[in-house]
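Chains, contacts and geometry: an overview
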Amino acid sequence: DIDPDGQVFVRDSKNHTGRVVFAPRSVLQALQDYKAVSALSVFVFPGKEPHRPISYGVIRVRFKKLMQESGIDRSGCNLHSLRHTFARSCIHAGMRREDIQQFLGHKDIRTTEIYTRLLSEDVRKQSVFSHRAVQAFLGQADKKTNFRPK
């Protein structure tokens, strides 16, 4: 569920708990636009059958295709890489690890620390590719990314 104030209610996460996350306006607008064209389902991302959500496998295949369309040929980059990139971006923006822990839904701070540890310069430079893939997914492939590796 998504409310107009930016709260996204995650109902059944990996650890079978619910939580609230907040999304920026640009993401909310993209979700609302998408939902307007898929209004036949209660799910934001319905599967082939409107009464069922989209499967992880379908998302994974689409992500790989978007990476290829974006010119990315990285066998080590996957959907989970986006989670790591997001957590690292939060750390670089000054967000506290405890807040990231809550945002990601981790019970143990040690799990969050795995996501947020600093990476080598080579790996950091490669994260620009996941940003391009996300932009392509959101239909913003023609826009310049404001992420610049050091």
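Residues numbered from 1 in each chain as written. Predicted model: local features only at pLDDT ≥ 70, side-chain atom pairs only at ≥ 80, totals over all residues. Heavy atoms only, no water.

Before going further, it helps to examine the confidence of the model for the chain. A low pLDDT means the predicted coordinates there should not be read in detail. Mean pLDDT for the chain: 77, with 82% of residues reaching 70 or above. Per-residue pLDDT, averaged within each element of the chain, yields its smallest value for helix 6 (residues 121–137) (69) and its largest for helix 2 (residues 56–69) (88). (pLDDT = per-residue confidence, 0-100. Helix = DSSP H or I, 4+ residues; strand = E, 2+ residues; numbered from the N terminus.)

Okay, the packing of aromatic side chains next. Under the defined criterion, the tally for this structure stands at two aromatic pairs. Where tyrosine 34 meets phenylalanine 45, the ring centres are 5.1 Å apart and the plane angle is 35 degrees; that geometry is what we call tilted. Of the two residues, tyrosine 34 sits in helix 1 (residues 25–37) while phenylalanine 45 sits in the loop between helix 1 and helix 2, which places them 11 residues apart along the sequence. Since its relative accessible area comes to 35%, tyrosine 34 is described here as partly exposed. (Phe/Tyr/Trp six-rings, centres within 6.5 Å; stacked < 30°, edge-to-face > 60°. Buried < 20%, exposed > 50% of the residue type's maximum accessible area, 1.4 Å probe, protein only.)

What follows deals with the pattern of salt bridges. Enumeration over the complete set of coordinates arrives at three salt bridges. Between glutamate 98 and arginine 96 there is a salt bridge, with the nearest N and O atoms lying 3.7 Å from each other. Residue classification places glutamate 98 among the partly exposed positions, given a relative accessible area of 41%. Of the charged contacts in the structure, one is a salt bridge between arginine 110 and aspartate 108, with a shortest N-O distance of 2.7 Å. A relative accessible area of 29% means that aspartate 108 is categorised as partly exposed. A single network of salt bridges, built from pairs that share partners, joins Arg96, Glu98 and Asp99. (Salt bridge = Lys/Arg side-chain N within 4 Å of Asp/Glu carboxyl O.)

Positionally, valine 27 belongs in helix 1. Valine 27 sits in the partly exposed class, given a relative accessible area of 31%. Sequence separation between valine 27 and glycine 6 is 21 residues; the distance between their C-alpha atoms is 9.0 Å.

Okay, the packing of helix 3 (residues 79–92) against helix 4 (residues 97–104) next. One can describe the packing of helix 3 onto helix 4 by two numbers: an axis separation of 10 Å at closest approach and a directional angle of 150 degrees. By the angle between their axes, helix 3 is roughly antiparallel relative to helix 4. Helix-helix and strand crossings are classified by hand; for helix 3 and helix 4 the assignment is right-handed. Along the contact surface, helix 3 presents Arg83, Phe86, Ala87, Cys90 and Ile91, while helix 4 presents Arg97, Ile100, Phe103 and Leu104. Grouping the constituent residues of the contact of helix 3 with helix 4 by class yields seven nonpolar, no polar and two charged. (Axes fitted to C-alpha atoms, helices over the stretch in contact; angles between N-to-C directions. Parallel < 35°, antiparallel > 145°, perpendicular 65-115°, else oblique. Left-handed = near helix turned anticlockwise from the far one by under 90°. Contact = heavy atoms within 4.5 Å. Nonpolar A, V, L, I, M, F, W, Y, C, P; charged D, E, K, R; others polar.)

Together, Tyr34, Val37, Phe45, Val134, Phe137 and Leu138 line one region of the surface with nonpolar side chains, adding up to about 550 Å² of accessible area. Looking at the nonpolar patch, the elements with two or more residues in it are helix 1 and helix 6. Mapped onto the elements, leucine 138 comes out in the segment after helix 6. Look at leucine 138 and you get partly exposed, because its relative accessible area is 39%. (Patch = residues over 30% accessible without salt bridge, like charges linked within 9 Å, V, L, I, M, F, W, Y side chains within 5 Å. Areas by Shrake-Rupley, 256 points an atom, 1.4 Å probe, with all protein chains shown as cover.)

Taken as a whole, helix 4 has its buried residues at Ile100, Gln101 and Leu104. Across the axial projection of helix 4, the buried residues extend over an arc of 105 degrees, all falling on one side. With its phi angle positive at about 80 degrees, glycine 105 sits one or two positions after the end of helix 4. (Arc of directions from axis to C-beta.)

The next subject is helix 3. Across its 14 residues, helix 3 extends 20 Å between first and last C-alpha, which sits within 8% of the 20 Å expected from 1.5 Å per residue. Within the sequence span of helix 3, burial applies to Leu79, Ser81, Thr85, Ala87, Arg88, Cys90 and Ile91. At the N-terminal end of helix 3, a side-chain oxygen is found 2.9 Å from the backbone nitrogen of histidine 80, two or three residues along, and the residue is asparagine 78. Remark: glycine 94 follows helix 3 within two positions and exhibits a positive phi of approximately 100 degrees. (Expected span 1.5 Å × (residues − 1). Polar contact = N/O pair within 3.5 Å; in protein donor to acceptor, adjacent residues only side chain to side chain.)

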